[in-house]
Amino acid sequence: MSIVKTENLIYEYVRRDEEGNVDGAIRAVDDVSLGIRQGDFIAIVGHNGSGKSTLAKHMNAILQPTQGTVWVDGMDTRQEERIWDIRQRAGMVFQNPDNQIIGQVVEEDVGFGPENLGVPTEEIWKRVEESLRAVGMYQFRSHSPNRLSGGQKQRVSIAGVLAMRPRCIVLDEPTAMLDPSGREEVIHAVRELNQAEKVTVILITHYMEEVIHADHVYVMDKGQIAMEGTPREIFSQVEKLQKLRLDVPQVTLLAHELRQRGLELPEGILTTRELVQALAERKYINDRQDLSKSDHS
Ligand code: ADP
Ligand code: MG
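Just so we're clear, the structure is a prediction, and the values are computed from it rather than from any experiment.

What should I look at first to understand the overall build of the protein in this one?
Along the protein, the regular secondary structure elements total 10 helices and 10 strands. With respect to the principal axes defined by its C-alpha atoms, the protein has extents near 85 × 55 × 40 Å. Considering the protein as a whole, with its 297 residues, one finds that 46% of them fall into the buried category. Across the protein, contacts joining residues at least 24 apart in sequence account for 61% of those joining residues at least 6 apart. As displayed, the protein has an accessible area near 15600 Å², and 46% of this comes from carbon and sulfur atoms. The averaged location of the 46 negative side-chain charges in the protein is 3 Å from the averaged location of its 35 positive side-chain charges.

Please explain the environment of Asp 85 as it appears in this structure.
Tracing the chain through its elements places Asp 85 in helix 2 (residues 83-89). The class for Asp 85 is partly exposed, based on a relative accessible area of 29%. C-alpha separation for the pair Asp 85 and Glu 173, spaced 88 residues apart in sequence, amounts to 24 Å.

What is the right way to look at the packing of helix 3 (residues 106-116) against helix 5 (residues 150-162) in this model?
Between two packed helices, what matters for the description is the angle formed by their axes and the separation of those axes. For the pair helix 3 and helix 5, the least separation of the axes is 7 Å and the interaxial angle reads 35 degrees. The interaxial crossing formed by helix 3 with helix 5 has right-handed handedness. Within the contact between the two elements, helix 3 uses Val 106, Asp 109 and Val 110 and helix 5 uses Val 156, Ala 159 and Gly 160.

Please clarify how the side chain of Glu 210 should be interpreted in this entry.
Counting through the fold element by element, Glu 210 comes out in the loop between strand 8 (200-204) and strand 9 (216-221). Within polar-contact distance, the side chain of Glu 210 engages the side chain of Thr 205 at 2.6 Å. Those residues in contact with Glu 210, other than ones at most four positions away along the chain, are Thr 175, Arg 183, Ile 187, Leu 203 and Thr 205.

Which parts of the structure should I look at to understand helix 5?
Side chains that are three or four residues apart share a direction in an α-helix, a result of its 3.6 residues per turn. Compared with the 18 Å implied by 1.5 Å per residue over 13 residues, the 18 Å span of helix 5 between its first and last C-alpha is a close match. In terms of burial, helix 5 is largely enclosed, as 12 of its 13 residues are buried. Within the sequence span of helix 5, burial applies to Gly 151, Gln 152, Lys 153, Gln 154, Arg 155, Val 156, Ser 157, Ile 158, Ala 159, Gly 160, Val 161 and Leu 162. Contacts made by the buried residues of helix 5 are with strand 6 (90-93), helix 3, helix 4 (121-134), strand 7 (168-172) and helix 6 (180-196).

What should I look at first to understand the site of ligand 1 in this one?
Every residue near ligand 1 is listed here: Tyr 13, Ile 26, Ala 28, His 47, Asn 48, Gly 49, Ser 50, Gly 51, Lys 52, Ser 53 and Thr 54. In this structure, an oxygen atom belonging to ligand 1 sits 2.8 Å away from a side-chain N or O atom of Ser 53. Contributing elements (two or more residues each) for the shell around ligand 1: strand 2 (22-37) and helix 1 (52-58). The dominant element in the shell around ligand 1, judged by the number of residues it contributes, is helix 1, at three residues. The residue makeup of the shell around ligand 1, split by class, is three nonpolar, seven polar and one charged.

Even after reading the chapter, I still don't get the pairing of strand 6, so can you show me in this structure?
Each regular strand shows side chains that alternate between the opposite faces of the sheet. Of the two faces of strand 6, both are covered, the one formed by Ala 90 and Met 92 as well as the one formed by Gly 91 and Val 93. Relative to strand 7, strand 6 runs parallel, the two being bridged by four bridges. Within the sheet, the bridge partner assigned to Ala 90 lies in strand 7 and is Cys 168.

Honestly, the side chain of Ser 131 in this entry has me stumped. Any pointers?
Within the secondary structure, Ser 131 sits in helix 4. Assessed through its relative accessible area of 4%, Ser 131 is described here as buried. Contact partners of Ser 131, with chain neighbours within four places excluded, come to Val 110, Ala 159, Leu 162 and Ala 163.

What exactly am I supposed to notice about the domain arrangement of the protein here?
It is common to give the size of an interface as the accessible area that goes away when the parts come together. Looking at the assigned domains, one finds that the protein contains domain 1 (2-231) and domain 2 (249-297). Centre-to-centre separation of domain 1 and domain 2, based on C-alpha positions: 40 Å. Contact with domain 1, which involves four residues of that partner, is made by four residues of domain 2. Counting the surface lost from both domain 1 and domain 2, the interface buries some 330 Å², and carbon and sulfur atoms represent 77% of this.

Got a minute to help me understand the sheet that holds strand 4 (residues 67-72) in this structure?
Backbone-to-backbone hydrogen bonds join strands into a sheet, with any given pair of strands oriented parallel or antiparallel. Reading across from one edge, 2-1-4-5 is the order of the four strands in this open sheet, with antiparallel pairing throughout. Pairing within the sheet leaves two strands with one partner each, and these edge strands are strand 2 and strand 5 (75-76). Pairing analysis gives five bridges linking strand 1 (residues 2-16) to strand 4, with the strands arranged antiparallel. Within strand 4, the position partnered with Lys 5 by the bridge is Trp 71.

The rules behind the values
Residues numbered from 1 in each chain as written. Chains lettered and ligands numbered in written order. Predicted model: local features only at pLDDT ≥ 70, side-chain atom pairs only at ≥ 80, totals over all residues. Heavy atoms only, no water. Helix = DSSP H or I, 4+ residues; strand = E, 2+ residues; numbered from the N terminus. Buried < 20%, exposed > 50% of the residue type's maximum accessible area, 1.4 Å probe, protein only. Contact = heavy atoms within 4.5 Å. Areas by Shrake-Rupley, 256 points an atom, 1.4 Å probe, with all protein chains shown as cover. Lys, Arg positive; Asp, Glu negative; His and termini not counted. Charge placed at Lys NZ, Arg CZ, Asp CG, Glu CD. Axes fitted to C-alpha atoms, helices over the stretch in contact; angles between N-to-C directions. Left-handed = near helix turned anticlockwise from the far one by under 90°. Polar contact = N/O pair within 3.5 Å; in protein donor to acceptor, adjacent residues only side chain to side chain. Expected span 1.5 Å × (residues − 1). Near = heavy atom within 4 Å. Nonpolar A, V, L, I, M, F, W, Y, C, P; charged D, E, K, R; others polar. Pairing = 2+ DSSP bridges. Domains from an automatic or database assignment. Buried area = accessible area lost by both parts, 1.4 Å probe.

Below, the structure is given as structure tokens:
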């Protein structure tokens, strides 16, 4: 069973004039059907305004479909009486860590979620410790969040969601406001959660380097899913991505350009290591060809 499933999901923001009368609608999500398996690492990319955040907000019932249906762990998000179950099952992390941290002390902040759920105190402390350890922030447990770096704050936000024991965590551009080292910290923590804790991860990002580890990628355009597949399948289509106004990882682009110059390299190279390996193989083949040519002469 899918942990998150949408069927023909449509969402329209209502536009009003100065008097408050409805004068139109913006279709932000346009007929999206997808199913996300428990334990998967999913990436969602797309240029600004393509509907990523609107889609994400359906995954923990912040928004309700205009048409179509969304299920989280089998629960229809329209069932109001289950809204807290749904939010506990699918936690959400947003862009700005400063808007998500409310505690004066790191461990207190992480404990807020389970406390609100009525979890017994002893169990709260256990969860706080586990969650902070899972994101590598345990040693900062008695620090003030104000003094942490952006990457550290974002990891505390993630720990706060983890303390609710979600089956799925939706991160809406969690690294957009971070410097490169902060970005790396957060992505490392998120991958670890997925691999070690088996938490389903839905990562929305516009940094293509963060996508290459995903099991499956969705590319959004004008509220629709324009492309989907493994990172390699997606990044094999450089021109299509560029048409959708998306970047590709630098090394993928370099390999693509080398191919266009006639070098026989596979499409969809994702890492420097893969490129080096492919180039070394080319060199090996060329050397062999040179050798056999000289044998015949
Ligand atoms: P993304 O996260 O990919 O940038 P969004 O889901 O934020 O895309 O936005 C999709 C579309 O919906 C855009 O055209 C945007 O202008 C519009 N939109 C987003 N939020 C609102 C809102 N609160 N009211 C009206 N329109 C909105
Ligand atoms: Mg957004």
